[in-house]
Amino acid sequence: MITSPSGGAPGEGHGTARPGTPLPAPATVFTPEITHAECRKCGTRVAGLDGRYACGVCGWTNDWSEGHRPLPRAEDDPDFPGPGVSPANPLAD
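Since this is a predicted model, take the numbers as computed values, not measurements.

(A) Layout of the overall build of the chain. Check the secondary structure of the chain and you find 0 helices and 2 strands. Pairs at least 24 apart in sequence give 6% of the contacts found in the chain among residues at least 6 apart. When the accessible surface of the chain is summed, it comes to about 7,700 Å², and 57% of that surface belongs to carbon and sulfur atoms.

(B) Structural context of the side chain of Arg-52. Position of Arg-52 among the secondary structure elements: in the segment after β2 (45-49). The buried charged residue Arg-52 lacks any salt bridge, with Asp-50 as its nearest oppositely charged partner at 5.0 Å. For Arg-52, the side chain forms a polar contact with the main-chain oxygen of Arg-69, separated by 2.9 Å. Ignoring any residue separated from it by four or fewer positions in sequence, one finds Arg-52 in contact with Asn-62, Trp-64, Gly-67, Arg-69, Pro-70 and Leu-71.

(C) Structural view of the pairing of strand β1 (residues 34-38). For β1 and β2, the ladder comprises 5 bridges, and the chain directions are antiparallel. Residue pairing for β2: Ala-37 is matched across the bridge by Val-46. Hairpin geometry of β1 and β2 is characterised by an intervening segment of 6 residues between the two adjacent antiparallel strands and by a positive phi of about 85° at Gly-43.

(D) Spatial organisation of the nonpolar core. One finds Cys-39, Val-46, Tyr-53, Cys-55 and Trp-60 forming the largest nonpolar core, which totals 5 residues. Sequence-distant contacts of Cys-55, defined by excluding residues within four places in its chain, comprise Cys-39, Cys-42, Thr-44, Val-46 and Trp-60.

(E) Summary view of the pattern of salt bridges. One pass over the structure, following the stated rule, counts 3 salt bridges. Of the charged contacts, one joins Glu-66 and Arg-40 as a salt bridge, the two residues approaching to 2.6 Å between their closest N and O atoms. On the criterion of sequence distance, the pair formed by Glu-66 in the segment after β2 and Arg-40 in the loop between β1 and β2 is long-range, its members being 26 residues apart. For Arg-40, a relative accessible area of 58% corresponds to the exposed category. Residue Asp-76 is joined to Arg-73 by a salt bridge in which the shortest nitrogen-to-oxygen separation is 3.1 Å. Look at Asp-76 and you get partly exposed, because its relative accessible area is 46%.

Thresholds applied
Residues numbered from 1 in each chain as written. Predicted model: local features only at pLDDT ≥ 70, side-chain atom pairs only at ≥ 80, totals over all residues. Heavy atoms only, no water. Helix = DSSP H or I, 4+ residues; strand = E, 2+ residues; numbered from the N terminus. Contact = heavy atoms within 4.5 Å. Areas by Shrake-Rupley, 256 points an atom, 1.4 Å probe, with all protein chains shown as cover. Buried < 20%, exposed > 50% of the residue type's maximum accessible area, 1.4 Å probe, protein only. Lys, Arg positive; Asp, Glu negative; His and termini not counted. Salt bridge = Lys/Arg side-chain N within 4 Å of Asp/Glu carboxyl O. Polar contact = N/O pair within 3.5 Å; in protein donor to acceptor, adjacent residues only side chain to side chain. Pairing = 2+ DSSP bridges. Core = buried A, V, L, I, M, F, W, Y, C linked by side-chain atoms within 4.5 Å.

Next up, the structure:
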């Protein structure tokens, strides 16, 4: 039997499952893909995440809707304060 650092079996004693009950599977996490393209304004080779680009030479950006996958929702952000709550500006203090 494999034991966890706390001395019990894996998945036991963490407060999320009863002993003998398997822990839930972790959520699927998608990592962004680094993509490359040519700037449509000045021709500079640019890199971006999932098909979204910004040129550091001339300032051109492509539209957010041209990306390869949907943008995450605000609720997916671990720092999301909740519905109806205005996020605090950490630089305001």
